[in-house]
Amino acid sequence: MKSSQCLTTAKLLSLHETGERNFPGVNLSRANLTQANLNRINLSAAHLQRANLAKAKLIGAQLKDADLSKANLKNALLIEATLCQANLTATILKEADLSGAILSGAILLDTNLQYATLIGTSLIDAKMKRAKLAKANCTGASLSRASLKAADLKGVILNRAILSEADLRRANLTGACLIRAYLHRVNLRYANLTEADLSDANLKGADLSHANLSRADLSGANLSHANLTGANLTGAHLQNANLSHANLSELLLKKANLQSAQLSKANLNQANLYKANLSGANLLEANLEYANLAQSNLKRAGLLLAYLTDANLSHANLKGANLIGANLTGADLSDASLVGTIMPNGRIHS
């Protein structure tokens with residue numbers, strides 16, 4: 001079918017029913033295709049602005065370069081559809097099924113994808129600024145280099161998703177599930193990750209500066225070389241997390257659980273670790289200058305060669321901790337528990 005040919009909705013549906021599938025470039029703007037069966041149709045570069053495709057079946061459809069801006073695709077089936085470089089600006093895709101679909105380079109500005117299914121969907125390089133993905137299921141989705149600035153991702157499921165180098169600045173990820181997600185060098189500056197589950201996630205080299213991670217689960221996560229300057233990790237779970245070489249300066253870590261965490265050569269200058277659990281943590285050569293460790297649990301922690309100058313360790317539990325070579329100049333150890341602690345000179349405190 002020639003792309004220049006104009007079709008009525010009824011004619012298109014009739015031709016599709018007889019087996020015709022190719023309608024590239026067709027103009028169907030504002031068309032009513034509610035609940036239409038358009039499986040395997042070729043609508044590449046088609047004009048579908050403001051079209052009503054609610055509950056339409058578009059399984060395996062070809063929609064590359066199509067303009068679907070402000071269209072209604074609520075509850076539509078777009079399983080394994082191709083939407084590369086498609087324009088989906090302000091499109092309604094609420095509760096739509098886009099499992100296995102390809103949306104690489106697509107424009108999804110202000111798009112509504114609430115409760116949508118995007119399992120295994122490719123959104124590489126997609127432009128998704130201010131997109132609404134609350135409660136969407138994006139398990140195993142590929143979002144490398146996607147732009148999700150200020151997007152609403154509250155309660156989204158991104159388990160095992162790939163988000164390397166994605167832009168999530170100021171995004172709302174409250175209560176999101178990112179278990180084992182790959183977030184290498186992701187930009188999460190000022191993002192809200194309150195109570196998010198990032199257990200076993202790979203956040204190596206990520207920018208989490210000024211992010212809200214209060215009560216987030218980062219147990220077993222790889223945060224090596226990550227930038228967490230000014231972030232809020234109050235009550236966060238970081239047990240067995242890898243934070244080696246991470247920048248945690250001025251960080252709020254009150255009551256955080258860092259049991260057995262790897263913090264070698266981490267920068268914790270002026271960090272607030274009041275009542276934090278650092279038992280068994282590895283703090284080899286960590287910078288803890290001016291850090292607040294009052295009432296913290298450092299039982300059996302490895303603090304070899306650590307910099308603790310002017311740190312507040314009052315009432316801290318340092319039983320069995322190893323402080324060989326540590327710099328304690330100006331540190332406050334008043335009422336600290338030092339039974340069995342190996343002091344900087346190698347002497348075991350009695």
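For the structure, see preceding data.
As a starting point, this report considers the structure included with it.

Definitions and cut-offs
- Residues numbered from 1 in each chain as written.
- Predicted model: local features only at pLDDT ≥ 70, side-chain atom pairs only at ≥ 80, totals over all residues.
- Heavy atoms only, no water.
- Helix = DSSP H or I, 4+ residues; strand = E, 2+ residues; numbered from the N terminus.
- Rg over C-alpha atoms; globule rule 2.2 N^0.38 Å.
- Buried < 20%, exposed > 50% of the residue type's maximum accessible area, 1.4 Å probe, protein only.
- Contact = heavy atoms within 4.5 Å.
- Areas by Shrake-Rupley, 256 points an atom, 1.4 Å probe, with all protein chains shown as cover.
- Core = buried A, V, L, I, M, F, W, Y, C linked by side-chain atoms within 4.5 Å.
- Salt bridge = Lys/Arg side-chain N within 4 Å of Asp/Glu carboxyl O.
- Phe/Tyr/Trp six-rings, centres within 6.5 Å; stacked < 30°, edge-to-face > 60°.
- Lys NZ or Arg CZ within 6 Å of the ring centre and 35° of its normal.
- 1 Å grid on protein atoms, 1.4 Å probe; cavity = no way out; pocket = protein on both sides within 12 Å on 5 of 7 lines; lining within 4 Å.
- Points joined across faces, edges and corners; volume = space filled by probe spheres on them.
- Nonpolar A, V, L, I, M, F, W, Y, C, P; charged D, E, K, R; others polar.

To continue, consider the overall build of the chain. On a plain count of helices and strands, the chain comes out with one helix and zero strands. A globule of 350 residues ought to have a C-alpha radius of gyration of about 20 Å, yet the chain, at 26 Å, is considerably larger. Dimensions of the chain along its principal axes, counting C-alpha atoms only, are 90 × 25 × 25 Å. Per-residue burial for the chain yields a buried fraction of 51% across its 350 residues. Taking the contacts inside the chain whose residues are at least 6 apart along the sequence as the reference set, 1% of them involve residues at least 24 apart. Summed over its atoms, the accessible surface of the chain is roughly 14,300 Å², and 44% of this surface lies on carbon and sulfur atoms.

Glancing now at the nonpolar core. Counting residues in hydrophobic clusters, the biggest one holds 126 residues, and the most contacted among them are Leu193, Leu203, Leu263, Leu283, Leu303 and Leu308. For Leu308, the contacting residues outside a window of four places in its chain are Leu288, Leu293, Leu303, Leu313, Leu323, Ala326, Asn327, Leu328, Thr329 and Ala331.

Okay, the pattern of salt bridges next. Counted by the stated rule, this structure contains six salt bridges. For Arg130, the salt bridge identified is with Asp110, shortest N-O distance 2.8 Å. Pair noted here: Arg130 is in the segment after helix H1 (9–17) and Asp110 is in the segment after H1, with a separation of 20 residues, a long-range link. Classification of Arg130 by relative accessible area gives partly exposed; the value is 37%. The exposure class assigned to Asp110 is partly exposed, which follows from its relative accessible area of 29%. Among the ionic pairs, Glu195 bridges to Arg215, the shortest N-O distance being 2.9 Å. Pair noted here: Glu195 is in the segment after H1 and Arg215 is in the segment after H1, with a separation of 20 residues, a long-range link. Under the relative-accessibility criterion, Arg215 is labelled partly exposed at 46%.

Once that is clear, we can look at the side chain of Ser104. For Ser104, the location among the structural elements is in the segment after H1. With relative accessibility at 18%, the residue Ser104 sits in the buried group. If near-sequence neighbours (up to four positions away) are discounted, Ser104 is found in contact with Cys84, Gln85, Ser122 and Ile124.

Taken as a whole, this structure holds zero aromatic pairs when the rule is applied. Between Arg170 and the ring centre of Tyr190, over which it is positioned, the NZ or CZ distance is 4.5 Å.

For the coordinates displayed, the defined rule picks out one cavity of 30 Å³ or more. Size it by volume and the largest cavity reaches roughly 60 Å³. Partitioning the lining of the largest cavity into residue classes produces 11 nonpolar, no polar and no charged.

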